[in-house]
Amino acid sequence: MAELDPPPDVLAVVRRVRALGATTRADLGRSLGVGRGVVNQRLGILRELGLVEEGGVRSSSGGRAPRELRFRAAAGHVLVAELDALSFAAGVSDLTGEIVAQEEHAVDLADGPVAVLDRLGAVWEQLCARSGVPADRVWGIGLGVPGPVEFASGRPTAPPIMPGWDGYDVRGHLAGRFAVPVWVDNEVNLEALGEARAGSGVGVADMVFVKLGVGIGSGVISGSRLHRGAQGAAGDIGHVAVVEHDEPCRCGNAGCLEVVAGGGALVRQAMERAAAEAGPHLTSTIAATASLEIADIVTAAAQGDQLALDLLTRSARLVGSTLASLVNFFNPSRLVIGGGLVEGSDLVLSTIREVVYGRSLPLATRSLAIGRSTLGPTAGLVGAAAMAVDELLADRRFHAWAPHRSPYGRPEIASLS
């Protein structure tokens, strides 16, 4: 195929088609402010690139019935994954963020980046083989990790629960194996992006996603874009200081929100107090396993265990107080809460709502909605896919790879990251 030289506004057309999901030539022309001839010429280029396809015929309001245009989801695929301390979720996504295959595997991040990433790579290869995705249909990789990431380089930076990963070239490791561009971000950022594109934050320009799991973190959507900050550290509310506490945190400071109100802290506190205060559910769980998980505390609270109720309420009030400050500062229109502490627990969500609405300025909460995540554990995978496709369609990258691409092949420049 001869090389193409797409004009700059081609990218605006493909982005609009992708955002709308399904549209028509007339709607495109109106929304972009260009004539039908320009729309047809740009769509011709995008069809040649394999990025746009025609769909069904819409009902006519007079004259010829318009045919739908769609972003071509199956033009390529993205490998996506979200790492946690003791497991990872891996998947294969089409270009719209639809997860076509996924699995979860146990892993210990303390084994180090080489062992974990090699295991992840093998799982991706197996998923591609089983779902019929050939290597030349893989366009890129999106990965979320449970720690701070310098987004520009894709390297974890002093991640508290990832020993041996500080400064490791995750991007280079995976690009060397798959020969595609790779993007790495903090897992909560990707969960926020997933909720913004396909979950509780669809259509919301200013949103904060909060994850209450073993740790506590947040992702910020500002003006419909993920806000990473200067070095990629935006949203790390887990290390906001709770002034009346002095428990040491893994980050090296003391009294961080995460270490007094996160799920890991609640498990520790429950184990310490269980002998004197726990009800039968927590007592029997500890007797049987000599341990607890977050879900055990949530279940015990639902059964009326007073210790579990006290721990969850205290945690939710501390989180709510921190979020009230964030609401006053950022003024989002939606807070989306996810993670193990809120899944199945109306107590945590209702307490957070009470504190946020009670401690925030009236103007900041006038249109504020606070709700639960709708994507749950798939949010990070959906967000990882969205991140990778966003980056592939960024101005300089698109105009670097599009001229060299065949209609059914992948971008041929592996160093696009």
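Look above for the structure.
Residues numbered from 1 in each chain as written. Predicted model: local features only at pLDDT ≥ 70, side-chain atom pairs only at ≥ 80, totals over all residues. Heavy atoms only, no water.

S.K.: It is not clear to me how the side chain of Glu187 should be interpreted in this structure. Could you clarify?
M.R.: Considering the arrangement of structural elements, one finds Glu187 in helix H6 (residues 187-198). Of the residues examined, Glu187 reaches a relative accessible area of 9% and is grouped as buried. (Helix = DSSP H or I, 4+ residues; strand = E, 2+ residues; numbered from the N terminus. Buried < 20%, exposed > 50% of the residue type's maximum accessible area, 1.4 Å probe, protein only.)

S.K.: Just to check I follow, could you spell out helix H5 (residues 170-178) for this structure?
M.R.: An α-helical turn contains 3.6 residues, so a residue and the one three or four places further along point in the same direction. All of the buried residues in H5 are Val170, Arg171, His173, Leu174, Ala175 and Phe178. With its phi angle positive at about 55 degrees, Ala179 sits one or two positions after the end of H5.

S.K.: Explain the sheet that holds strand S13 (residues 334-338) to me, please; I cannot follow it from the model alone.
M.R.: For sheets, the rule is that strands pair by backbone hydrogen bonds, running either parallel or antiparallel. Taken together, the 5 strands give an open sheet; going across it, the order is S12-S11-S10-S13-S14, and neighbouring strands pair in mixed fashion. Every other strand in the sheet has two partners, leaving strand S12 (225-227) and strand S14 (369-372) as the edge strands with one partner each. Going from strand to strand, the sheet's axes swing by 25 degrees on average, the running direction of each strand aside. Sheet analysis places strand S10 (residues 207-212) next to S13, joined by 5 bridges and oriented parallel. (Pairing = 2+ DSSP bridges. Axes fitted to C-alpha atoms, helices over the stretch in contact; angles between N-to-C directions.)

S.K.: Is there a simple way to explain the nonpolar core in this structure?
M.R.: The biggest cluster of nonpolar side chains holds 50 residues, and the ones touching the most others in it are Val14, Leu43, Leu46, Leu51, Leu393, Phe398 and Trp401. Where this core is concerned, the elements lending two or more residues are helix H1 (9-20), helix H3 (36-48), strand S2 (67-71), strand S3 (77-83), H6, S10, helix H13 (379-392) and helix H14 (395-401). In terms of residue count, the dominant contributor to this core is H13 (10 residues). Once you skip the residues sitting within four places of it in the chain, Leu46 turns out to touch Val10, Val13, Val14, Leu51 and Val52. Cys249, Val260, Val319 and Leu335 belong to the second largest nonpolar core, which has 46 residues in total. (Core = buried A, V, L, I, M, F, W, Y, C linked by side-chain atoms within 4.5 Å. Contact = heavy atoms within 4.5 Å.)

S.K.: Would you take a moment to explain the packing of aromatic side chains for this structure?
M.R.: Here the distance between the centres and the angle between the planes together describe a pair of aromatic rings. According to the stated counting rule, one finds 1 aromatic pair in the structure shown. Their ring planes at 80 degrees and their centres at 5.8 Å tell us that Trp124 and Phe178 sit as a pair that is edge-to-face. Separated by 54 residues along the polypeptide, Trp124 in helix H4 (residues 113-131) and Phe178 in helix H5 bring together distant segments of the chain. The aromatic ring of Phe151 is capped on one face by Arg228, whose charged end is 3.6 Å from the ring centroid. (Phe/Tyr/Trp six-rings, centres within 6.5 Å; stacked < 30°, edge-to-face > 60°. Lys NZ or Arg CZ within 6 Å of the ring centre and 35° of its normal.)

S.K.: I tried to follow the state of the cysteines on my own but got confused; where do I start?
M.R.: Overall, the coordinates contain 0 disulfides when judged by the stated rule. There is no disulfide at Cys249, and the cysteine sulfur nearest it, in Cys251, is 3.7 Å away. (Disulfide = S-S within 2.5 Å.)

S.K.: In this structure, what is going on with the pattern of salt bridges? I would like to understand it.
M.R.: Two side chains bearing opposite charge may form a pair once their charged atoms approach each other closely. The full count for this structure, using the stated rule, is 21 salt bridges. For Glu82, the salt bridge goes to Lys211, with nearest N and O atoms at 3.9 Å. Within this pair, whereas Glu82 is found in strand S3, its partner Lys211 is found in strand S10, the two being separated by 129 residues in sequence. For the salt bridge of Arg268 with Glu272, the shortest nitrogen-to-oxygen distance reads 4.0 Å. Of this pair, Arg268 and Glu272 both sit in helix H8 (residues 263-277), 4 residues apart, roughly one helical turn. Where salt bridges share partners, they join Glu82, Glu187, Glu191 and Lys211 into one cluster. (Salt bridge = Lys/Arg side-chain N within 4 Å of Asp/Glu carboxyl O.)

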